[in-house]
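Here is what each chain is made of, one letter per residue.
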Amino acid sequence: MASIIQTRGLTRRYGRQVAVDRLDLDVQEGEIFGFLGPNGAGKTTTILMLLGLTEPTEGTARVLGHDPTHDPMPIKRQVGYLPENVGFYDDLTGRENLQYIAALNEIPESQARAKIDAALATVGLAEEGDKIVGAYSRGMRQRLGIAELLVKDPRLLILDEPTLGLDPDGTLRMLELIRDLNRSRGITVMLSSHLLDQVQRICHRVGIMIQGRLVAVGTIEELARRKLGDAAGPSLEEIYMRYFKET
Amino acid sequence: MWKVCRKELADHFNSTRFLLLFCLVFMVALVSTYMAAENVHKALQGNTKPSQVFLMLFTTPGKFFSLVQFVAFFGPLLGIIMGFDAINRERQLRTLGKLLSQPIYRDAVVNGKFIAGVITITIVLASLLLLLSGMGLVILGVVPGPEEIARLAVYLLISIAYVAFWLGLAVLFSIFFRSLATSALASVAIWIFFSFFMGFLADLAADAIRPVYSTRDLRAVVANERLAHSISLISPAVLYAEATGAILDPFQRSTSRLLLVTPLEGLSLERFQGPLPLDQSVFLVWPHVVLLIALTLICFGIAYVTFLRQEIRTL
Ligand SMILES: Nc1ncnc2c1ncn2[C@@H]1O[C@H](COP(=O)(O)OP(=O)(O)OP(=O)(O)O)[C@@H](O)[C@H]1O
Ligand SMILES: [Mg+2]
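Everything numeric here is computed off the predicted structure, so don't read it as measured data.

The next thing to look at is the overall build of chain B. Scanning chain B from N- to C-terminus turns up 14 helices and zero strands. Traced from its N-terminal end to its C-terminal end, chain B shows the element sequence α-α-α-α-α-α-α-α-α-α-α-α-α-α. The buried share of chain B, taken over its 315 residues, is 49%. Residue pairs in contact within chain B that sit at least 24 positions apart in sequence constitute 81% of those at least 6 positions apart.

Structure, rendered in structure tokens:
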């Protein structure tokens, strides 16, 4: 398996504050990687650097074999990025929002229609596509956000807190959607979150980031063995709290 | 870039704000030009027609103001209204991060928006001019000669550059200020400053630098006036007024108010010698036009660089 995301010594400082501290991260092709950490840990900053939207102070990153700082175009073409708290043009319909994204990705109009319909169907918005986004519920907006990513047939999805503000049912549907995309289309997923149980449910591997430093990476079982001994039924919650208290 | 531009154009033409403004401008322009046409028509009756009478349609005040004055006054508002929320609206909607993660260059966003604005301005002003010319044609019964048409075209180009300056300024503020209201207010403040206070300030500054102790000291008076005039040229409003004045009035031989008021100049026969050819008029206002475009480019350039360096954090 090849690394689809690879960072070495990636660092970002804001003034004297270190938002991301010498990060060495590897995400493998085909997996769902959970990026965990409390508020202000530096998750969003890391993601922005992976997309070339913020420049690292030091260190290097490779995404799909390209350097995000100097060569972001191929990355942007193949990566679907869902920002935390994604927004839309509220006075346009869901479909029109998708059309704009398709146009920006140079998808010819003849293909765009079919892709948009398919994306709306996948996220369960086939019926609501022609409603104005201003009238969407929180859950629908979040799903529209995923539909926008699907329009460009991404190889990699980077989702920043995709379940933020969703109710338990919405959260469940979102996670199932993500898992389904990973399984049926082989899309690699990196998602950030601070909700542990949901990450535990769908992620193959997790990384725990605290105050800009990656303190642990591995499968949940591995982390449990390392931190809790051979306690039965490893709970990410417990692992996380151990790491959290240590720092 | 053209993808962004196309969407922005569609947005402009679909927005209620724009439609309202469009109707307002057209109505005021129609009424004032109609009155101007009536006035010109009356004045012409019984007289032989002077040359280039068609242009008077645009420079003659109806009851309150001429069309040219109206555009000079309202054009900036048009530019401001189209640009003040260009970037900060995307911030507010939280669409900026998403937009920039698409395979487009960052500058394409600013360029696309700016160009869409310029295209809109061009469409509005050109259709306004065409409509009013048509109306003038009917009322005056005068067919504009090729030179008059050329002068109107030059006038149109200068006007587009002028409104584009305000568009650029508004876009710049939409990058600097997060709040829509602040950016709109900042643009309007600059507009008021340049349009209404610049002349006054220029006089003040000139008096401070080159004081006139006696009005009989002609040299001092001239130096003072010259300086005040030069200072006031920082203002795009002044630049625009002088440039369009000279273009639409072929009898105007200088853009400097001073030369027309000094006794000798005023008495000179120049003014009665018939109109200046178009190329001479253009030559006269060339520096103005260059300066106006330079100011626009400076505004846009600053906007551009600021945006390229800005953190896109949509917090
Ligand atoms: N533009 C900025 N200027 C100064 N400091 C910043 C800036 N952006 C982020 N930071 C700081 O960097 C740190 C990491 O922020 P970041 O948003 O990456 O955390 P996060 O893990 O995404 O948190 P959350 O879970 O709340 O989204 C924070 O302490 C924040 O204050
Ligand atoms: Mg975050």
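Our next topic: the interface of chain B and chain A. Across the contact, 22 residues belong to chain B and 30 residues belong to chain A. Buried surface at the junction of chain B and chain A, both sides included, amounts to about 2400 Å², of which 56% is carbon and sulfur. One can count three salt bridges joining chain B with chain A. Taking the shortest distance from any N to any O, the salt bridge between Lys3(B) and Glu106(A) comes out at 3.2 Å.

Looking now at the sheet that holds strand β1 (residues 3-14) of chain A. All names here are of chain A. The strand order across the open sheet built from three strands is β2-β1-β4, with neighbouring strands paired in antiparallel fashion. With partners counted over all chains shown, the strands left at the sheet margins are β2 (17-28) and β4 (58-63), one partner each. Taken over all neighbouring pairs, the strand axes of this sheet differ in orientation by 15° on average, direction set aside. With five bridges joining them, β1 and β4 adopt antiparallel strand pairing. Note on β4: the bridge partner recorded for Ile5 is Val63. Strand contacts of helix α1 (residues 43-50): β1, β2 and β4, with the helix running at about 120° to β1, the strand carrying the most contacts.

What follows concerns the side chain of Lys43(A). Residue and element names in this part refer to chain A. Among the secondary structure elements, Lys43 is positioned in helix α1. In this structure Lys43 is buried but unpaired, with Glu161 as the nearest side chain of opposite charge at 4.1 Å. The residues contacting Lys43, other than those within four sequence positions of it, are Phe35, Leu36, Gly37, Pro38, Glu161, Ser192, Ser193, His194 and Met209.

So, on to the nonpolar core. Judged by nonpolar contacts, the single largest core of 117 residues is most densely connected at Ile5(A), Met190(A) and Phe58(B). Among the elements that line this core, the one with the most residues is helix α8 (residues 146-176) of chain B, at 17 residues. Met190(A) has contacts with Ile5(A), Leu25(A), Val27(A), Phe33(A), Phe35(A), Ile47(A), Leu50(A), Leu157(A), Ile158(A) and Leu159(A), leaving out every residue within four places of it along the chain. Leu144(A), Leu177(A), Val206(A) and Ala224(A) belong to the second-largest nonpolar core, a separate cluster that totals 49 residues.

Next up on the list: the side chain of Asn97(A). Residue and element names in this part refer to chain A. The residue Asn97 is located in helix α3 (residues 94-104) in this model. Given a relative accessible area of 1%, Asn97 falls into the buried group. If near-sequence neighbours (up to four positions away) are discounted, Asn97 is found in contact with Phe88, Tyr89, Leu92, Val133 and Glu148.

Bringing the packing of aromatic side chains into the picture now. A full pass over the atoms with the stated rule returns 18 aromatic pairs over all chains. Ring geometry for Phe13(B) versus Phe18(B): centroids 5.2 Å apart, planes at 80°, classification edge-to-face. Residue Phe18(B) is classed as buried on the basis of its relative accessible area of 4%. Feature note: the residues Tyr162(B), Phe165(B), Trp166(B), Phe193(B), Phe194(B) and Tyr240(B) constitute an aromatic cluster, connected by ring pairs. Seen from the ring of Tyr100(A), Lys7(B) lies directly overhead, with NZ or CZ sitting 5.1 Å from the centre.

Before going further, it helps to examine α3(A). Most of α3(A) is tucked away, with eight of its eleven residues classed as buried. Just beyond α3(A), the residue with positive phi is Glu106(A), at close to 60°.

We now examine a nonpolar patch on the surface. Residue and element names in this part refer to chain B. Taken together, the side chains of Phe73, Ile192, Phe193, Phe196, Phe197, Phe200, Leu201 and Leu204 present a nonpolar region at the surface, about 730 Å² in accessible area. Residue contributions to the nonpolar patch peak at seven residues, all from helix α9 (residues 180-209). Take Phe193: it is sitting in helix α9.

Close approach of charged atoms lets side chains of opposite charge pair. Residue and element names in this part refer to chain A. All chains considered together, the criterion is met by 18 salt bridges over all chains. A salt bridge links Arg155 to Glu29, with the nearest nitrogen and oxygen atoms 3.4 Å apart. Note that Arg155 is positioned in the loop between α5 (138-150) and β6 (156-160) and Glu29 in the loop between β2 and β3 (32-36), a separation of 126 residues in sequence. Classification of Arg155 by relative accessible area gives partly exposed; the value is 37%. A single network of salt bridges, built from pairs that share partners, joins Asp21, Arg22 and Arg213.

This part takes up the sheet that holds strand β5 (residues 79-82) of chain A. Residue and element names in this part refer to chain A. Read across the open sheet, the six strands follow the order β5-β6-β7-β3-β8-β9; overall the sheet is mixed. Edge positions in the open sheet fall to β5 and β9 (213-218), since each of these has one partner strand only. When the angles between neighbouring strand axes are averaged without regard to direction, this sheet yields 15°. Examined bridge by bridge, β3 and strand β8 (residues 205-210) share four bridges and lie parallel to one another.

Next up on the list: the confidence of the model for chain B. All names here are of chain B. Model confidence for chain B is summarised by a mean pLDDT of 82, while 89% of its residues fall at 70 or above. By mean pLDDT, helix α13 (residues 263-267) is the weakest element of chain B at 42, and α8 is the strongest at 92. Across residues 257-271 the pLDDT falls below 50, and counting only partners more than four positions away or on other chains, this stretch makes 17 contacts in the model.

The next point concerns the site of ligand 1. Around ligand 1, a shell composed of 15 residues is seen, among which Gln17(A), Gly40(A), Lys43(A), Thr44(A) and Thr45(A) lie nearest. In this structure, ligand 1 sits where chains A and B come together, each supplying nearby residues. Side-chain polar atom of Gln17(A) to an oxygen atom of ligand 1: 2.7 Å apart, as the coordinates give it. Taking Thr45(A), its side chain carries an N or O atom lying 2.5 Å from an oxygen atom of ligand 1. If ligand 1 stood free it would expose 640 Å²; the protein chains cover 72% of that surface. When contributions to the shell around ligand 1 are tallied by element, the ones reaching two or more residues are β2 and α1 of chain A. At three residues, the largest contribution of residues to the shell around ligand 1 is made by α1(A). A per-class count over the shell around ligand 1 returns four nonpolar, seven polar and four charged.

Conventions used here
Residues numbered from 1 in each chain as written. Chains lettered and ligands numbered in written order. Predicted model: local features only at pLDDT ≥ 70, side-chain atom pairs only at ≥ 80, totals over all residues. Heavy atoms only, no water. Helix = DSSP H or I, 4+ residues; strand = E, 2+ residues; numbered from the N terminus. Buried < 20%, exposed > 50% of the residue type's maximum accessible area, 1.4 Å probe, protein only. Contact = heavy atoms within 4.5 Å. Buried area = accessible area lost by both parts, 1.4 Å probe. Salt bridge = Lys/Arg side-chain N within 4 Å of Asp/Glu carboxyl O. Pairing = 2+ DSSP bridges. Axes fitted to C-alpha atoms, helices over the stretch in contact; angles between N-to-C directions. Lys, Arg positive; Asp, Glu negative; His and termini not counted. Core = buried A, V, L, I, M, F, W, Y, C linked by side-chain atoms within 4.5 Å. Phe/Tyr/Trp six-rings, centres within 6.5 Å; stacked < 30°, edge-to-face > 60°. Lys NZ or Arg CZ within 6 Å of the ring centre and 35° of its normal. Patch = residues over 30% accessible without salt bridge, like charges linked within 9 Å, V, L, I, M, F, W, Y side chains within 5 Å. Areas by Shrake-Rupley, 256 points an atom, 1.4 Å probe, with all protein chains shown as cover. pLDDT = per-residue confidence, 0-100. Near = heavy atom within 4 Å. Polar contact = N/O pair within 3.5 Å; in protein donor to acceptor, adjacent residues only side chain to side chain. Nonpolar A, V, L, I, M, F, W, Y, C, P; charged D, E, K, R; others polar.

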